[in-house]
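Here are the chains, one letter per residue:
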Amino acid sequence: VVRSRSFGSDPVLVTEMARAFSDGLLEHGVLPCWKHFPGHGGTAEDTHKGFASLPYTMEELLDSDELKPFLYAASSGIPIIMTGHIAVPAATGDELPASLSEQLVSLLRGETGNYPGLLITDGLAMKAITQRYTPGEAAVLALRAGNDLLLVSEHLQEAYDAVLEAVRKGELPEERIDESVLRILRIKATLETAS
């Protein structure tokens, strides 16, 4: 699906090329974003058009070529990673895409990862999301999963209202929102001191 939008299929080469490109952007005050976690390499489907998945168990995913560049990014100071709408049902036991999955995001943030940077979802108006979730459901799930920023181009008010209501009802802890705000402020402070 990604083809020419990728640096290739070799995870070492992809990582080296993406790192060099990222370094160039950072030198000029632009924050790079690596996408689409956990990787599109093994998908046959296009998330713009509908559901997309990887066929891996959790063990296979952790050893997959798709995931390796993202694990590098998470441990080496890449400031932003985009979570893709790619499900891994054999690994998670459900069909939640990575962008909405606490279990998959935890590979970067939780038990197996300690990524301090920002996570942003891929576009929440893509059919992989809209065919299964309302804008409000997607926004709440994405934040609950651990994303800091939501790429919302349509139905912003509906997404905002759902997040606000989820916080008011205690379904989305305010602390989860605070974590994201702090990460965003840290990135902004880093940029301000660098300029």
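Keep in mind the model is a prediction, meaning the values are calculated, not measured.

A. Spatial organisation of the overall build of the chain. A count of helices and strands for the chain gives nine helices and five strands. Tracing the chain from N to C terminus, the helices and strands come up as α-β-β-α-α-β-β-α-α-β-α-α-α-α. Taken over the C-alpha trace, the chain has a radius of gyration of 16 Å; the compact-globule value for 195 residues is 16 Å, and the two agree within 12%. Here the C-alpha coordinates of the chain stretch approximately 45 × 45 × 30 Å along the principal axes.

B. Structural context of the packing of helix α7 (residues 135–145) against helix α8 (residues 156–169). At a minimum axis distance of 7 Å, the contact between α7 and α8 shows a crossing angle of 55°. By the criterion of interaxial angle, the relationship of α7 to α8 is oblique. As for how α7 packs across α8, the hand of that crossing is right-handed. Counted together, Pro 135, Gly 136, Ala 139, Val 140 and Leu 143 of α7 and Glu 158, Ala 159, Ala 162, Val 163 and Ala 166 of α8 form the full contact between these two elements. Across the contact of α7 with α8, the residue classes tally to eight nonpolar, one polar and one charged.

C. Region of interest: the packing of helix α1 (residues 11–27) against helix α3 (residues 68–75). For the pair α1 and α3, interaxial distance at closest approach is 9 Å and the crossing angle is 40°. The angle between α1 and α3 places the two elements in the oblique class. The handedness of the crossing between α1 and α3 is right-handed. Of the residues in α3, those touching α1 at Pro 11, Val 14, Thr 15 and Arg 19 are Lys 68, Pro 69 and Tyr 72.

D. Representation of the pairing of strand β5 (residues 118–121) in the model. Neither face of β5 is left uncovered, since the one carrying Leu 118 and Ile 120 and the one carrying Leu 119 and Thr 121 both have all their residues buried. Relative to β5, strand β3 (residues 80–83) runs parallel, the two sharing four bridges. Opposite Ile 80, over in β5, you have Leu 118 as the bridge partner.

E. Region of interest: the side chain of Arg 109. Inspection of the secondary structure assignment puts Arg 109 in the loop between α5 (102–105) and β5. For Arg 109, the side chain forms a polar contact with the main-chain oxygen of Tyr 115, separated by 2.6 Å. There is a polar contact of 2.9 Å between the side chain of Arg 109 and the backbone oxygen of Gly 117. What Arg 109 contacts, discounting residues up to four positions off in sequence, is Asn 114, Tyr 115, Pro 116, Gly 117, Leu 118, Leu 119, Gly 146, Asp 148 and Arg 183.

F. Up close: the sheet that holds strand β1 (residues 33–37). What the three strands build is an open sheet, ordered β1-β3-β5; its pairing is parallel. Each edge of the sheet is formed by a strand with only one pairing partner; in this case those strands are β1 and β5. Here the strands of the sheet are splayed against their neighbours by 25° on average, with no regard to which way each runs. Pairing between β1 and β3: three bridges, direction parallel. Of the residues in β3, the one forming a bridge with Phe 37 is Thr 83.

Criteria and cut-off values
- Residues numbered from 1 in each chain as written.
- Predicted model: local features only at pLDDT ≥ 70, side-chain atom pairs only at ≥ 80, totals over all residues.
- Heavy atoms only, no water.
- Helix = DSSP H or I, 4+ residues; strand = E, 2+ residues; numbered from the N terminus.
- Rg over C-alpha atoms; globule rule 2.2 N^0.38 Å.
- Axes fitted to C-alpha atoms, helices over the stretch in contact; angles between N-to-C directions.
- Parallel < 35°, antiparallel > 145°, perpendicular 65-115°, else oblique.
- Left-handed = near helix turned anticlockwise from the far one by under 90°.
- Contact = heavy atoms within 4.5 Å.
- Nonpolar A, V, L, I, M, F, W, Y, C, P; charged D, E, K, R; others polar.
- Buried < 20%, exposed > 50% of the residue type's maximum accessible area, 1.4 Å probe, protein only.
- Pairing = 2+ DSSP bridges.
- Polar contact = N/O pair within 3.5 Å; in protein donor to acceptor, adjacent residues only side chain to side chain.

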